[in-house]
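An overview of the molecular structure
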Amino acid sequence: MDKIRIENLEVFANHGVFPEETKLGQKFLVSITLHVDTRNAGKTDDLSKSVNYGEVSHFATDFLRTHTYHLIETAAEQLAEAILYTYLPVREVNIAIKKPWAPIGLPLESVAVEITRKWHKVYLAVGSNMGDMETYIRRGIDAMSSLKDCRVKRVSELIVTKPYGVTEQENFLNGCLEIETLLLPLELLELLHEIEAAADRKRELRWGPRTLDLDIIFYDDEVIGLPELMVPHVDMANRSFVLKPLAEIAPYMIHPIYRKTVAQMLSELKEREKGNEKDHIV
């Protein structure tokens, strides 16, 4: 991804822990790196196909002047999010805020905080086998769409599937969706649990009936191994109710461990299922 850099933008603003800092204000040096595709702008010489760095500079200056934070960590975090919300072509942003007048009683050039924030591409599996299944699923997707730090990009068709694991229950309605989010993996997991809880999801039996189920299948191309979260989803290669709708919206997404596309995994699963049927017939 290409980069547009704004180096050491001088902003006089009112951020700091001490009362005199928030009342009197002080100078900050702000550097911003925008990760954006500049190819079309470079080929056409058309500013509308890029991001106007002058506009971003004024936006950052106004933002830091009109908000007051105790920590420059907070100032950087909030500015990064504001830029990502406002300038849609920006996929990732790096913010560095220097504080040359930091009141610590020692000679120094400056103290600084530097962060990087980005839109993450995530694939989710969604399912339900209780009540009005489609309504539960649609409401869950709508709840996610209403959040400023999540963007629903694509939704597969919903398919009826047989239950997995605990088979003595109603059939499921399953699908997959692609989202972009600023949330980190555990933050996203917490959000999904909140949406499930709002749909009266009960976690009483593993693989049991549920009004709404939301699972993280892929998070960028990351491999995450935590007690509360495993990504990619550990059993996705054996679940046709995940692979079929996922192949509809992301057939060429590559599993970061198996190094196979979703389409390949689905094809291999179908072959295994055919083999199992023949073994059963024999």
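The notes below deal with the structure included here.

Parameters at a glance
Residues numbered from 1 in each chain as written. Predicted model: local features only at pLDDT ≥ 70, side-chain atom pairs only at ≥ 80, totals over all residues. Heavy atoms only, no water. Helix = DSSP H or I, 4+ residues; strand = E, 2+ residues; numbered from the N terminus. Rg over C-alpha atoms; globule rule 2.2 N^0.38 Å. Buried < 20%, exposed > 50% of the residue type's maximum accessible area, 1.4 Å probe, protein only. Areas by Shrake-Rupley, 256 points an atom, 1.4 Å probe, with all protein chains shown as cover. Lys, Arg positive; Asp, Glu negative; His and termini not counted. Charge placed at Lys NZ, Arg CZ, Asp CG, Glu CD. Expected span 1.5 Å × (residues − 1). Arc of directions from axis to C-beta. Contact = heavy atoms within 4.5 Å. Phe/Tyr/Trp six-rings, centres within 6.5 Å; stacked < 30°, edge-to-face > 60°. Lys NZ or Arg CZ within 6 Å of the ring centre and 35° of its normal. Core = buried A, V, L, I, M, F, W, Y, C linked by side-chain atoms within 4.5 Å. Salt bridge = Lys/Arg side-chain N within 4 Å of Asp/Glu carboxyl O.

Within the protein chain, the regular secondary structure consists of eight helices and 11 strands. For the protein chain, whose C-alpha radius of gyration is 24 Å, the value lies well above the compact-globule estimate of 19 Å for 282 residues. Seen along its three principal axes, the alpha-carbon backbone of the protein chain occupies a region of about 80 × 50 × 35 Å. The buried share among the 282 residues of the protein chain stands at 46%. When the accessible surface of the protein chain is split by element, carbon and sulfur atoms take 51% of a total near 15800 Å². Charged side chains in the protein chain number 34 positive and 44 negative. The centres of these two groups are separated by 3 Å.

Taking 1.5 Å of rise per residue, the 13 residues of helix α5 (residues 133-145) would be expected to cover 18 Å, and the 19 Å separating its terminal C-alpha atoms lies within 8% of that figure. Burial in α5 covers these residues: Ile137, Gly140, Ile141 and Met144. End-on view of α5: buried residues confined to an arc of 95°, all on one side of the axis. Buried residues belonging to α5 abut β5 (120-128), β6 (150-155), β8 (172-181) and α6 (185-198).

Under the definition given, this model contains five aromatic pairs. With a centroid separation of 6.5 Å and 70° between ring planes, the pair formed by Phe12 and Trp101 is classed as edge-to-face. Of this pair, Phe12 sits in strand β1 (residues 3-13) while Trp101 sits in the loop between β3 (92-99) and β4 (111-118), placing them 89 residues apart in sequence. These aromatic residues form a ring-pair network of at least three members: Phe59, Phe63 and Tyr87. Above the face of the Trp119 ring, Arg151 is positioned so that its terminal group lies 3.7 Å from the ring centre.

Okay, unusual backbone geometry next. With an omega of -5°, the peptide bond running from Val231 to Pro232 counts as cis. Among the secondary structure elements, Pro232 is positioned in the loop between β11 (229-231) and α7 (240-249). Look at Asp220: it is not a glycine, yet its phi comes out positive at around 50°. In this structure, Asp220 sits in the loop between β9 (213-219) and β10 (224-226).

On to the nonpolar core. Of all hydrophobic cores here, the largest spans 33 residues; its most connected members are Ile32, Leu34, Ile83, Val93 and Ile95. Of all elements in the fold, only β1, β2 (26-35), α3 (53-66), α4 (72-86), β3 and β4 reach the threshold of two or more residues within this core. The element that contributes the greatest number of residues to this core is α4, accounting for eight residues. Residue contacts for Ile32: discarding those within four places in its chain leaves Ile4, Arg5, Ile6, Val56, Ala60, Ile83, Val93, Asn94 and Ile95.

Pairing is possible between side chains that carry opposite charge, provided their charged atoms lie close to one another. One pass over the structure, following the stated rule, counts nine salt bridges. With a closest N to O distance of 2.8 Å, Glu77 and Arg117 form a salt bridge. In this pair, Glu77 is assigned in helix α4 and Arg117 in strand β4, connecting sequence segments 40 residues apart. The class for Glu77 is partly exposed, based on a relative accessible area of 22%. For Glu271, the salt bridge is made with Lys274, and the minimal N-O distance between the two is 3.9 Å. On the criterion of helical spacing, the pair formed by Glu271 and Lys274 is a turn pair, its members being three residues apart in helix α8 (residues 262-281). Salt bridges sharing common partners tie together Arg91, Arg151 and Glu180.

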